[in-house]
Amino acid sequence: MDVLELTNITKSYGKVKALNGISLAVPEGAIFGILGPNGSGKTTLLSIILDVLSADNGQYKWFGQKGSKEQRKQIGSLLETPNFYHYLSAVSNLKITQSISGRGMVADIENALKTVDLFDRRNSRFSSFSLGMKQRLAIAAALLGDPRVLVLDEPTNGLDPVGIAEIRDLIKNLHKRGHTIIMASHLLDEVEKICTHVTILKTGNIIATGEVDEVLSDEDTIELGSADNPALFRLLQDYPGLLHCKTEGKLLLLGFEKGKADAAAINNFCFKNGYVLQHLAIKKKRLETRFFELTNN
């Protein structure tokens, strides 16, 4: 079952087209990353599915139905900077959030604070929290009422490595508890480490979508060289499983599906055909390279 379906969503700001016919489906139980550089349309997309903005065209459905107030209570969200009163405690801020949202009961505040590991600081003022603690409190606010889906916009933005690791572990734990999570980020590394599915946006267009391993799969590359690279290049064109072969400097680069490169077999093949290799090495293409290939085309 898909918890969210978008069909041909468009949104413009004057002459700038922020979203250009976005269609995608978020499966239940996924950690679904919306990945793209700043200005790609991520926040606009999240704002539309949370009814903060209206789309110019297209439609979306939560749990197979058009939006309603009751349905909205099944969705917890964190958009941009946490909006809390600095002079109030964590508990007091969550009580205000609960009153405004109408989600959950008093007991949910205690449970949410325990989930994000802030229960011991429940009576501390918000102003005394680190940036990572403030972000975790914002996620606690999103958890009020135990929603089926969490929508998080750049949840690790601005955090130091320790804070990023804390939020990453928290998201993984929430996923294990049964929450479907939709997360926008411009950080490729975070999406790779956290998400099960991803959609990559570029200037309001989807350029790739699917399971993370499928969309961001990096190839294995074999580097090799011989005394006669042009002739070796011609020989290798029909090598089984070869995706592509190109010349780079004094080496040939052979591309294979991830995990399919067999250096020993290639060496044996070349030797049997009269070529003694002077250089042979396996080189994995960095995930960042794959991302830039997708976004720079």
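Look above for the structure.
Rules behind the numbers
- Residues numbered from 1 in each chain as written.
- Predicted model: local features only at pLDDT ≥ 70, side-chain atom pairs only at ≥ 80, totals over all residues.
- Heavy atoms only, no water.
- Helix = DSSP H or I, 4+ residues; strand = E, 2+ residues; numbered from the N terminus.
- Contact = heavy atoms within 4.5 Å.
- Pairing = 2+ DSSP bridges.
- Axes fitted to C-alpha atoms, helices over the stretch in contact; angles between N-to-C directions.
- Buried < 20%, exposed > 50% of the residue type's maximum accessible area, 1.4 Å probe, protein only.
- Core = buried A, V, L, I, M, F, W, Y, C linked by side-chain atoms within 4.5 Å.

Asks: Could you clarify how one ought to interpret the side chain of T156 in this entry?
Replies: Inspection of the secondary structure assignment puts T156 in the loop between β6 (149–153) and α6 (161–176). Setting aside anything within four residues of it in sequence, one finds T156 in contact with Q135, I164, I167, L187 and E190.

Asks: Explanation requested: the sheet that holds strand β8 (residues 197–202) in the structure shown.
Replies: What the 6 strands build is an open sheet, ordered β5-β6-β7-β3-β8-β9; its pairing is mixed. Sheet topology places β5 (75–78) and β9 (205–211) at the edges, where each strand pairs with a single neighbour. Adjacent strand axes in the sheet meet at a mean angle of 15° when their direction is disregarded. As paired strands, strand β3 (residues 31–35) and β8 are joined by 4 bridges and run parallel to one another. Across the sheet, residue F32 finds its bridge partner in β8, namely H197. Contacts from helix α5 (residues 131–143) reach β5 and β6 within the one sheet, and its direction differs from that of β5 by about 160°.

Asks: Whenever I open this one, unusual backbone geometry confuses me. Can you help?
Replies: Trans is the prevailing form of peptide bonds, just as negative phi is the prevailing case for residues other than glycine. The phi angle at D117 is positive, at roughly 60°, despite the residue not being glycine. Its place among the elements puts D117 in the loop between α4 (106–115) and α5. Here T203, not a glycine, exhibits a phi torsion of approximately 45°, which is positive. Its location among the elements puts T203 in the loop between β8 and β9. The exposure class assigned to T203 is exposed, which follows from its relative accessible area of 53%.

Asks: Quick question: what am I supposed to make of the sheet that holds strand β1 (residues 2–13) here?
Replies: Strand pairing in a sheet is mediated by backbone hydrogen bonds. Such pairs are either parallel or antiparallel. The 3 strands are arranged β2-β1-β4 in an open sheet whose pairing can be described as antiparallel. Looking at the sheet topology across the chains shown, the edges are occupied by β2 (16–27) and β4 (57–62). Between one strand axis and the next, the sheet turns through 15° on average, direction left out of account. Two elements, β1 and β2, share 9 bridges in a ladder whose sense is antiparallel. If you follow S12 over to β2, its bridge partner there is K17.

Asks: Would you take a moment to explain the nonpolar core for this structure?
Replies: Side chains of nonpolar character tend, in soluble globular proteins, to be buried together. Counting 43 residues, the largest nonpolar core has L94, L113, L137, I139, I171 and I181 as the members making the most contacts within it. In terms of residue count, α5 provides more of this core than any other element does, 8 residues in total. The residues touching L137, leaving out its near neighbours within four places in the chain, are F84, A90, L94, L113, L118, F126 and F129. Counting 24 residues, the second largest nonpolar core, distinct from the first, contains I9, L45, I49 and Y60.

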